[in-house]
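Analysis of the macromolecular model
Listed below are the residues making up each chain.
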Amino acid sequence: MRIFSGIQPTGSKHLGNYIGAIRQYVEGQDRGEALYCIVDLHAITVSYDPHELRSSLYDLCALLLAAGLDAQRCILFRQSDVLEHAELTWLLASVTAFGDLQRMHQFKDKSASQRELVSGGLFFYPVLMAADVLAYRATDVPVGDDQRQHVELMRDIAIRFNARFGGGEEVLLVPEHRIPSVGARIMDLQDPARKMSTTGGSEQGTIYVLDEPATIVKKIASAVTDSGREIVRSPEKAGVSNLIEILAVASGRTPQQVEADMADARGYGDLKKAVAEAVVAMLAPVRERYVRLRADEGALEQILADGAARASEIASHTLADVRERMGVGAPRQTRTLR
Ligand code: AMP
Ligand code: TRP
C-alpha cells in the first residue's frame, strides 16, 4: 500500500484538519509506505504573500512533525521541490475534461470569494492535485470529506489516461480516497451548519491545533448546542452531534460508546467539559513539541530536502513512463533517465 496526501501551507491548522486529515497521516505511517506533501504550488492559486508563504510552510512542517509524522517512517516533502508535479499537471491536462473542472465545488466557492483575480491556477488546482497523487502511483488518499470530489476527478483522469495511452495496462494507478468514518467533517462550534474552516468560519467556533489550553476550554464552553439535554447524535442536533464526534475521536472511542458513557450526564455542561478535557489532552503535547521543532528552520529544511530527493526518485520513473506513452520528448532508449 502506498499512501499519499497533500496539505496546504496556509493559515493555522484547525481541529478539522487535525481530526479529518493529520491524525490519519500519522496512522498511515504504520499501514504502508506514506508520502505527505506540503502543497505550496496549490497555495499560490489564491492571493497570498510570498514571505508569509515561506514561514507558513515551516509552521506546517513543524506542526506535522509535532503531530507525529516521523521523517524515518514517511516521506515528508515540499511540492515545489519535485518538479515532476508541475510537468505531470500539464501532461494530464490533455486527458482532463474542461466540463469536469467547471463542476468542482471548491472552484466555485473559492472563485466566488476572490476579490481581485480568479486565476487560471485556481481552475487547474484539481489537475495539480491529480498529478500529486498519480506521480507516485499511490493507492490510498487520506483526506477529509471536502476533498471527495477532487479524488473522484483524479480517478477519472487516471482511468482516461490509461484508456487513451495505456495500451491495456494500468500505467497510472487509480487511487481510492480514505475518508474517515468519524470526524471527516468537523463543524464550526458557533455555527454547526458550516464546516470548521480558517477562511469561512468564525474565530470563536474554530479551534486551532496551536491554541492554548485555556482558549480551547473557552471555545468549547461557548459552543452552540440546542435547547434539549439529550446527548445523542441526530440531524436536528448538529452542535451536539459535532461535539460527540470530536469527543469520540479525541478519546479513542466510537460515537456510540460516547453516547452510552454520557447517558447519565447532567446535560450539555458535562458533555462540553469532557470534550474540552479530551481535546486539550490530545493537542497540548503537539503544541509543546511544535515550539521546539519550529525554532530550527535549518533542521526543517533538511527534512524537506531529504524527503524531496526520495519523492523525486519515485516520481521520475512515473514521468518517464507517461512521457513515453504520450509520445512526448525523445524516445526512451535514446534518453538518459533522470
Ligand atoms: P487544507 O488545510 O485545506 O489543505 O486541508 C487539509 C485537510 O483537512 C484536507 O484533507 C481536508 O479535507 C481536511 N479538512 C479541512 N477542513 C475539515 C473539517 N472541517 N473537517 C474535517 N476535515 C477537514
Ligand atoms: N486540495 C487538498 C486540500 O485542500 C490538498 C491537496 C493537494 C491534496 N494535493 C493533494 C490532498 C493530494 C490529497 C492528495 O485539502
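Residues numbered from 1 in each chain as written. Chains lettered and ligands numbered in written order. Predicted model: local features only at pLDDT ≥ 70, side-chain atom pairs only at ≥ 80, totals over all residues. Heavy atoms only, no water.

Digging into the site of ligand 2
Taken together, 13 residues lie near ligand 2, and Gly6, Tyr125, Met129, Asp132 and Gln147 sit nearest. In the environment of ligand 2, a nitrogen atom lies 2.7 Å from a nitrogen or oxygen atom belonging to the side chain of aspartate 132. Look at ligand 2: alone it shows 360 Å² of surface, and the protein chains cover 90% of it. Those elements that place two or more of their residues in the shell around ligand 2 are β1 (2–7) and α7 (120–134). With four residues, the single largest contributor to the shell around ligand 2 is α7. Split by residue class, the shell around ligand 2 holds seven nonpolar, five polar and one charged. (Near = heavy atom within 4 Å. Polar contact = N/O pair within 3.5 Å; in protein donor to acceptor, adjacent residues only side chain to side chain. Areas by Shrake-Rupley, 256 points an atom, 1.4 Å probe, with all protein chains shown as cover. Helix = DSSP H or I, 4+ residues; strand = E, 2+ residues; numbered from the N terminus. Nonpolar A, V, L, I, M, F, W, Y, C, P; charged D, E, K, R; others polar.)

Notes on the domain arrangement of the protein
Assigned domains of the protein: these are domain 1 (2–183 + 296–326) and domain 2 (213–292). Counting residues at the interface gives twelve residues for domain 1 and eleven residues for domain 2. For the pair domain 1 and domain 2, the summed buried area comes to about 1,000 Å², and 76% of that belongs to carbon and sulfur atoms. Our enumeration of links across domain 1 and domain 2 arrives at zero salt bridges. (Domains from an automatic or database assignment. Contact = heavy atoms within 4.5 Å. Buried area = accessible area lost by both parts, 1.4 Å probe. Salt bridge = Lys/Arg side-chain N within 4 Å of Asp/Glu carboxyl O.)

Points about the pairing of strand β3 (residues 75–78)
A two-sided burial pattern is seen for β3, the buried positions comprising Ile75 and Phe77 on one face and Leu76 and Arg78 on the other. Strand direction decides the pairing type here: strand β2 (residues 33–38) and β3, joined by four bridges, are parallel. By the bridge assignment, tyrosine 36 is partnered in β3 with leucine 76. (Buried < 20%, exposed > 50% of the residue type's maximum accessible area, 1.4 Å probe, protein only. Pairing = 2+ DSSP bridges.)

Some thoughts on the site of ligand 1
If you check the shell around ligand 1, you find 18 residues, and the closest are Gln8, Lys13, Gly144, Asp146 and Ile186. Between lysine 13 and ligand 1, the recorded distance is 2.5 Å, taken from a side-chain N or O atom to an oxygen atom. Within the backbone of methionine 196, one N or O atom sits 3.0 Å away from a nitrogen atom of ligand 1. Protein burial of ligand 1: of its 500 Å² of free accessible surface, 90% is covered by the chains.

Section: unusual backbone geometry
The backbone of arginine 137 shows a phi angle near 50°, a positive value even though the residue is not glycine. Its location among the elements puts arginine 137 in the loop between α7 and β4 (140–142).

Digging into the layout of surface pockets
Remark: the empty space left among the atoms is shown by a probe the size of a water molecule rolled over them. Taken as a whole, the second largest pocket encloses approximately 220 Å³ of empty space. For the second largest pocket, the full set of lining residues is Asp40, Leu41, Ile44, Tyr48, Pro50, Leu53, Arg54, Leu57, Tyr58, Arg78 and Ser80. Of all the secondary structure elements, the ones that give two or more residues to the lining of the second largest pocket are α2 (40–43) and α3 (50–67). Here the lining of the second largest pocket gets five residues from one element, more than from any other, and that element is α3. (1 Å grid on protein atoms, 1.4 Å probe; cavity = no way out; pocket = protein on both sides within 12 Å on 5 of 7 lines; lining within 4 Å. Points joined across faces, edges and corners; volume = space filled by probe spheres on them.)

Things to note about the nonpolar core
One broad trend across soluble globular proteins is that nonpolar side chains are buried collectively. Among the nonpolar cores identified, the biggest contains 56 residues, and Leu15, Tyr18, Leu64, Leu76, Ile220, Val279 and Leu283 are the most heavily contacted of them. Mapped by element, the contributors of at least two residues to this core are β1, α1 (15–31), β2, α3, α9 (213–221), α10 (238–250), α12 (268–294) and α13 (297–326). Per element, the largest residue contribution to this core is eleven residues, and it comes from α12. Summarising the domain contributions, this core has at least three residues from each of domain 1 (2–183 + 296–326) and domain 2 (213–292). Those residues within four positions of tyrosine 18 in sequence are excluded, and the remaining contacts are Arg23, Ala67, Val209, Met282, Leu283 and Val286. Within the second largest apolar cluster, 47 residues are counted, among which are Phe77, Leu92, Ile179 and Ala308. (Core = buried A, V, L, I, M, F, W, Y, C linked by side-chain atoms within 4.5 Å.)

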